[in-house]
Amino acid sequence: MSETDLPIRPEAISGERYLEVQASPEFQDLRNRLRRFVFPMTAIFLLWYALYVALGAFAHDFMATKVWGEINVGLVIGLGQFVSTFLITGLYVRFANRVLDPRAEAIRAELESEMK
């Protein structure tokens, strides 16, 4: 393990400095970018899930419609919940790797450089 992989010692940076970093434009940009991804994605998924639950509760005939053999619409939509979860996770990982991680690393590097 290299020295750069070690966590920052909490006693090395004051609480005041953490508050300064939190108020910095770089940190605000990082937080805003995270929120612009997470909030809409969460809303989309919750609406998609609520639609599935509502259809299951109130549209029994529709959900029981056979698609292929014994596979019905309810099963397809239910499996779609799993697919959408994995898709959202993949999109978030890609977004974090491309957008969030470089910005977070820059903030961390700035903090670490002040310690030396």
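Residues numbered from 1 in each chain as written. Predicted model: local features only at pLDDT ≥ 70, side-chain atom pairs only at ≥ 80, totals over all residues. Heavy atoms only, no water.

Peer 1: Got a minute to help me understand the overall build of the protein chain in this structure?
Peer 2: Within the protein chain, the regular secondary structure consists of four helices and two strands. Sequence-ordered secondary structure for the protein chain, helices as α and strands as β, is α-α-α-β-β-α. Counting over 116 residues, the protein chain shows a buried share of 22%. In the protein chain, the share of contacts with a sequence separation of at least 24, taken over all contacts with a separation of at least 6, comes to 66%. Looking at the protein chain as shown, the accessible area adds up to about 8,700 Å², and 67% of this sits on carbon and sulfur atoms. (Helix = DSSP H or I, 4+ residues; strand = E, 2+ residues; numbered from the N terminus. Buried < 20%, exposed > 50% of the residue type's maximum accessible area, 1.4 Å probe, protein only. Contact = heavy atoms within 4.5 Å. Areas by Shrake-Rupley, 256 points an atom, 1.4 Å probe, with all protein chains shown as cover.)

Peer 1: Could you clarify how one ought to interpret the confidence of the model for the protein chain in this entry?
Peer 2: Looking at the protein chain, the pLDDT average stands at 89 and 88% of residues meet or exceed 70. Per-residue pLDDT, averaged within each element of the protein chain, yields its smallest value for helix 1 (residues 15–23) (86) and its largest for helix 2 (residues 25–58) (96). (pLDDT = per-residue confidence, 0-100.)

Peer 1: Explain a nonpolar patch on the surface here, please?
Peer 2: Side chains of Leu-75, Leu-79, Phe-82 and Phe-86 sit close together on the surface and give an oily, nonpolar patch of about 460 Å² of accessible area. Along the polypeptide, Leu-79 turns up in helix 4 (residues 73–115). Judged by relative accessible area, which is 49%, Leu-79 ranks as partly exposed. (Patch = residues over 30% accessible without salt bridge, like charges linked within 9 Å, V, L, I, M, F, W, Y side chains within 5 Å. Salt bridge = Lys/Arg side-chain N within 4 Å of Asp/Glu carboxyl O.)

Peer 1: Looking at this model, I keep getting lost on the packing of aromatic side chains. Mind explaining?
Peer 2: Each aromatic ring pair is characterised by the separation of its centres together with the angle its planes make. A full pass over the atoms with the stated rule returns three aromatic pairs. Their ring planes at 50° and their centres at 5.8 Å tell us that Phe-37 and Tyr-92 sit as a pair that is tilted. Of the two residues, Phe-37 is situated in helix 2 and Tyr-92 in helix 4; the sequence distance between them amounts to 55 residues. Overall, Tyr-92 belongs to the partly exposed group, its relative accessible area being 33%. Judged by centre distance (6.5 Å) and plane angle (50°), the rings of Tyr-49 and Tyr-52 are tilted. Residue Tyr-49 and its partner Tyr-52 are located together in helix 2, separated by three residues, close to a single helical turn. (Phe/Tyr/Trp six-rings, centres within 6.5 Å; stacked < 30°, edge-to-face > 60°.)

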